[in-house]
Amino acid sequence: SITEETVEFLQPYLDMEDYNLETAKKVCGNVAGLCSWTQAMVYFYGINKEVLPLKANLALQEGRLAAAQMELNSAQNQLDEKQTELDEVQAMYDAAVKEKQALLDDAEACRRKMNNATALIEGLGGEKLRWTASSKNFQNQIINLVGNVLLATGFLSYSGPFNQEYRNLLLQLWKKEMDNSKIPYSKNLNLIGMLVDNATVGEWNLQGLPNDDLSIQNGIIVTKASRYPLLIDPQGQGKIWIKNKEKNNGLQVTAMNHKFFRSHI
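Cut-offs applied
Residues numbered from 1 in each chain as written. Predicted model: local features only at pLDDT ≥ 70, side-chain atom pairs only at ≥ 80, totals over all residues. Heavy atoms only, no water. Domains from an automatic or database assignment. Phe/Tyr/Trp six-rings, centres within 6.5 Å; stacked < 30°, edge-to-face > 60°. Buried < 20%, exposed > 50% of the residue type's maximum accessible area, 1.4 Å probe, protein only. Helix = DSSP H or I, 4+ residues; strand = E, 2+ residues; numbered from the N terminus. Patch = residues over 30% accessible without salt bridge, like charges linked within 9 Å, V, L, I, M, F, W, Y side chains within 5 Å. Areas by Shrake-Rupley, 256 points an atom, 1.4 Å probe, with all protein chains shown as cover. Salt bridge = Lys/Arg side-chain N within 4 Å of Asp/Glu carboxyl O. 1 Å grid on protein atoms, 1.4 Å probe; cavity = no way out; pocket = protein on both sides within 12 Å on 5 of 7 lines; lining within 4 Å. Points joined across faces, edges and corners; volume = space filled by probe spheres on them. Nonpolar A, V, L, I, M, F, W, Y, C, P; charged D, E, K, R; others polar. Core = buried A, V, L, I, M, F, W, Y, C linked by side-chain atoms within 4.5 Å. Contact = heavy atoms within 4.5 Å. Expected span 1.5 Å × (residues − 1). Arc of directions from axis to C-beta.

This part takes up the domain arrangement of the chain. Domain boundaries in the chain define domain 1 (4-79) and domain 2 (193-264). The C-alpha-based centres of domain 1 and domain 2 are spaced at 140 Å.

Below is the structure:
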C-alpha cells in the first residue's frame, strides 16, 4: 500500500545525516526499529517498483508460454499422428517400389526369354526346310534300302577283280535287272559314301592309300568283304597302305621265298 507520494514525503527525512539506526538507538530502541523499518520500506518500494512490472510481465509471459505449450502439445500430437500416417504410407511406398522392381525384373527376364525364343524360332524356321528335305530323304532311303543294300553287297562280292570301267558296267547291269524286277533303289547311289565315311577315307589317305575312286573302292573291299582279299599291286601302293594301317596291330610281313615258307614246301 506504500505509494510514491508517501516515499516523497519521507525522502527529506531519509536525506538527513542523523536519520539512521545508530543515531536512533541513542534516543530510543523502539524509535531505532521504526527508523530502520521506514528505510527498509522505502528501499523495498524502490525494488518493488521495478519488480512489479517484471512480475506482471512474467505472469503475462507465463500465460503466453502456457498457451504456446498447449499449441505445441497440440501440434506435437498432430505431428505424431502425421508421422504415424507417414510411416504407414512410407511402408506402403516401399512395398510398392519393391513390387515394382520385382515386376521389372520379371519383365526383363520374360523379355530375354522372349528374345531367345524368337531367335530360336527364327533359327528353327530356317531349319524347317532342311529338316523337311532330310525327312523326305530318310523316307526315300527306307524305301530304297533293300535295293541299295543289294547293290552294295553285289559290289563287295563280285567287283573286286575288275577295273573301274567294268565295275561301273556291272552296276548298270544290276540296276537294269532291279528295274525289271521293280526293286526300288536310289538312282544317285554313291557306294563309297554308303560303305565308308569321309573320316575313314581321310585316315586311309594319310596311311598311303591313293585318293582316287578305284583305290577307295579297293580299300572298302579289303576292309568290308568277308573273304580275304588278294591284292594285285604292281606299284606297291596297297602294300604300303596295309603296313601303315596295321602297324599298331602287330602286323607281321613275310614273302613266299622266305625260309619258313620253303621249309614247309
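We are not done yet, so read on.
So, about the packing of aromatic side chains. Per the stated rule, a full pass over the model turns up two aromatic pairs. Judged by centre distance (4.6 Å) and plane angle (50°), the ring pair of Phe-162 and Tyr-166 falls under tilted. Judged by relative accessible area, which is 34%, Phe-162 ranks as partly exposed. Ring geometry for Trp-204 against Trp-241: centres 5.6 Å apart, planes inclined by 70°, an arrangement best described as edge-to-face. Remark: Trp-241 occurs in helix H8 (residues 237-245) and Trp-204 occurs in helix H6 (residues 198-206); sequence separation between them is 37 residues. Like Trp-241, Trp-204 is buried.

The subject of this paragraph is a nonpolar patch on the surface. On the surface, a cluster of nonpolar side chains totalling about 350 Å² of accessible area is made up of Phe-162, Tyr-166, Leu-169 and Leu-173. On the accessibility criterion, Tyr-166 (36% relative accessible area) is partly exposed.

Looking at the largest pocket, its volume works out to about 750 Å³. Lining the largest pocket are 28 residues, with Gly-160, Asn-218, Leu-230, Leu-231 and Ile-232 positioned closest to its centre. Breaking the lining of the largest pocket down by element, the ones donating at least two residues are helix H3 (29-158), helix H7 (213-224) and H8. Of the residues forming the lining of the largest pocket, the biggest block, six residues, is contributed by H7. Grouping the amino acids of the lining of the largest pocket by side-chain chemistry returns 16 nonpolar, eight polar and four charged.

By size, the foremost hydrophobic cluster in this structure holds 19 residues, and its most contacted members are Leu-151, Phe-155, Leu-191 and Ile-220. Breaking this core down by element, the ones donating at least two residues are H3, helix H4 (164-180), helix H5 (191-195), H6 and H7. Apart from residues no more than four positions distant in its own chain, Ile-220 is found in contact with Phe-155, Leu-156, Ile-192, Leu-195, Val-196, Trp-204 and Ala-225.

This paragraph deals with the pattern of salt bridges. One pass over the full model with this rule turns up five salt bridges. One salt bridge in this structure joins Glu-108 and Arg-111, with 2.6 Å as the shortest N-O distance. Here Glu-108 and its partner Arg-111 are both found in helix H3, three residues apart, which amounts to about one turn of the helix. Note on Arg-111: relative accessible area 41%, which makes it partly exposed. In this structure, a network of salt bridges that share partners links the residues Glu-108, Arg-111 and Arg-112.

For the rest of this paragraph, the subject is H4. Taking 1.5 Å per residue, 17 residues should reach 24 Å; H4 reaches 25 Å between its end C-alpha atoms and fits that length. Buried residues of H4: Arg-167, Leu-170, Leu-171, Lys-175 and Met-178, and no others. Mapping the buried residues of H4 onto a view down its axis gives an arc of 135°, with all of them on the same face. More than 90 degrees from the buried face of H4, the exposed residues found are Glu-165, Lys-176, Glu-177 and Asn-180.

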